Amino acid sequence: MTRNSFFILACCLLAALFLPASEANATSKISFYKYTETNRYTRPLADTVPPSDIMEVITTIINATNSFNIEAVSKLYTPNAAIADDEAPYSWNGPTAGVQWVNAVEKACKNNRLTKLTSKIEPINIYQSREDNVYIVVPVSYTGNLPGKQHFAVRGAFTFVLRDINGKWLVKSQTWMQEKGIIASN
């Protein structure tokens, strides 16, 4: 048994020992993942495919930056939502947080003369859910054009927490982290 397999088995056993019986019977799902150096993607040890209704919210939000579509995101955030990003002023709060964030991305693109901003959602590796809460990390790559035929490219990930509010998934928190923020440079 490999060290990683032993660790995962130990975590599962501990969870089984300490999870109250009432929660064990609840409709919850926690997924564990394995990192493989060969292809740099994690391979699921349990189902990691988020349901379509969750992905619809996330895809709408990420794709809204391609066309700066504030209408698309205007009703996708909880009343106490919080967003953090690397665009000034770096955080937005409340039910209009998504609109404020898309406006900030548009302003940054205009200030830097970045055109044809395009997002691409990469394979989801981390997805955890309970009956009314979701935690998901969504790898995304952005590309575009800068003045003088320069190419813009950045990779990173959004971390989302979604809540089921009256049968509708809404974003409670959203955080962007560029890949270079977590990869050590040599």
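Reading guide: rules and limits
- Residues numbered from 1 in each chain as written.
- Predicted model: local features only at pLDDT ≥ 70, side-chain atom pairs only at ≥ 80, totals over all residues.
- Heavy atoms only, no water.
- Helix = DSSP H or I, 4+ residues; strand = E, 2+ residues; numbered from the N terminus.
- Buried < 20%, exposed > 50% of the residue type's maximum accessible area, 1.4 Å probe, protein only.
- Contact = heavy atoms within 4.5 Å.
- Salt bridge = Lys/Arg side-chain N within 4 Å of Asp/Glu carboxyl O.
- Core = buried A, V, L, I, M, F, W, Y, C linked by side-chain atoms within 4.5 Å.
- Expected span 1.5 Å × (residues − 1).
- Patch = residues over 30% accessible without salt bridge, like charges linked within 9 Å, V, L, I, M, F, W, Y side chains within 5 Å.
- Areas by Shrake-Rupley, 256 points an atom, 1.4 Å probe, with all protein chains shown as cover.
- Phe/Tyr/Trp six-rings, centres within 6.5 Å; stacked < 30°, edge-to-face > 60°.
- Polar contact = N/O pair within 3.5 Å; in protein donor to acceptor, adjacent residues only side chain to side chain.

Asks: Go over the overall build of the protein, please, and point to the residues and values.
Replies: Helix and strand counts for the protein come out as five helices and nine strands. What you see in the protein, going N to C, is helices and strands ordered as α-α-β-β-α-α-β-β-α-β-β-β-β-β. Relative to its full complement of 186 residues, the protein shows a buried share of 33%. Counted over contacts in the protein with a minimum sequence separation of 6, partners at least 24 positions apart contribute 50%.

Asks: Go over the pattern of salt bridges, please, and point to the residues and values.
Replies: Should the charged atoms of two oppositely charged side chains come close, the side chains can pair. Evaluated as defined, the whole model comprises three salt bridges. Put simply, Glu-122 and Arg-155 hold a salt bridge, and the shortest N to O gap is 2.6 Å. Linking Glu-122 in the loop between strand 5 (115-121) and strand 6 (126-130) with Arg-155 in strand 8 (residues 150-165), this pair joins segments that are 33 residues apart in sequence. Two residues, Arg-155 and Glu-179, come together in a salt bridge whose shortest N-O distance is 2.9 Å. One end of the pair, Arg-155, is in strand 8; the other, Glu-179, is in the segment after strand 9 (168-178), and 24 residues separate them in sequence.

Asks: How would you summarise the nonpolar core if you had to cite specific residues and measurements?
Replies: The biggest cluster of nonpolar side chains holds 36 residues, and the ones touching the most others in it are Ile-58, Ile-61, Tyr-77, Trp-101, Ile-136, Phe-160 and Leu-162. Of all elements in the fold, only helix 3 (52-67), strand 3 (77-84), helix 5 (97-111), strand 7 (133-146), strand 8 and strand 9 reach the threshold of two or more residues within this core. In this view, Leu-162 contacts Ile-54, Val-57, Ile-58, Asp-132, Asn-133, Val-134, Ile-136, Trp-169, Leu-170, Val-171 and Lys-172; residues no more than four positions away in its chain are not counted.

Asks: So what about helix 3? Which residues, and what values?
Replies: With 16 residues, helix 3 extends 22 Å from end C-alpha to end C-alpha; this agrees with the ideal 22 Å at 1.5 Å per step. Just past helix 3, the residue Phe-68 takes up positive phi, approximately 55°.

Asks: Describe a nonpolar patch on the surface, with residues and values.
Replies: Side chains of Met-177, Ile-182 and Ile-183 sit close together on the surface and give an oily, nonpolar patch of about 300 Å² of accessible area. Within the secondary structure layout, Met-177 lies in strand 9.

Asks: Requested: an account of unusual backbone geometry, with residues and values cited.
Replies: A cis amide bond, omega 10°, links Ala-88 with the succeeding residue Pro-89. Of note, Pro-89 is situated in the loop between strand 3 and strand 4 (91-93). Of note in this structure, Lys-116 is not a glycine but carries a positive phi near 55°. Topologically, Lys-116 is positioned in strand 5.

Asks: Break down the packing of aromatic side chains for me, citing the residues and quoting the values.
Replies: Enumeration according to the criterion identifies four aromatic pairs in this entry. Ring geometry for Tyr-142 and Trp-176: centres 5.7 Å apart, planes at 70°, overall edge-to-face. One end of the pair, Tyr-142, is in strand 7; the other, Trp-176, is in strand 9, with 34 residues separating them in the sequence. Each residue in the set Trp-101, Tyr-142, Phe-158, Phe-160 and Trp-176 is aromatic and connected to the rest through ring pairs, giving one cluster.

Asks: Break down the side chain of Glu-122 for me, citing the residues and quoting the values.
Replies: Looking at Glu-122, the relative accessible area reads 12%, which means it is buried. A distance of 2.6 Å separates a polar atom in the side chain of Glu-122 from a polar atom in the side chain of Arg-155.

Asks: How would you summarise the side chain of Ser-141 if you had to cite specific residues and measurements?
Replies: With respect to the secondary-structure elements, Ser-141 resides in strand 7. A distance of 3.3 Å separates the side chain of Ser-141 from the side chain of Glu-122, its partner in a polar contact. When neighbours within four sequence positions are excluded, Ser-141 is seen to be in contact with Thr-118, Ser-119, Lys-120, Glu-122, Val-154 and Arg-155.

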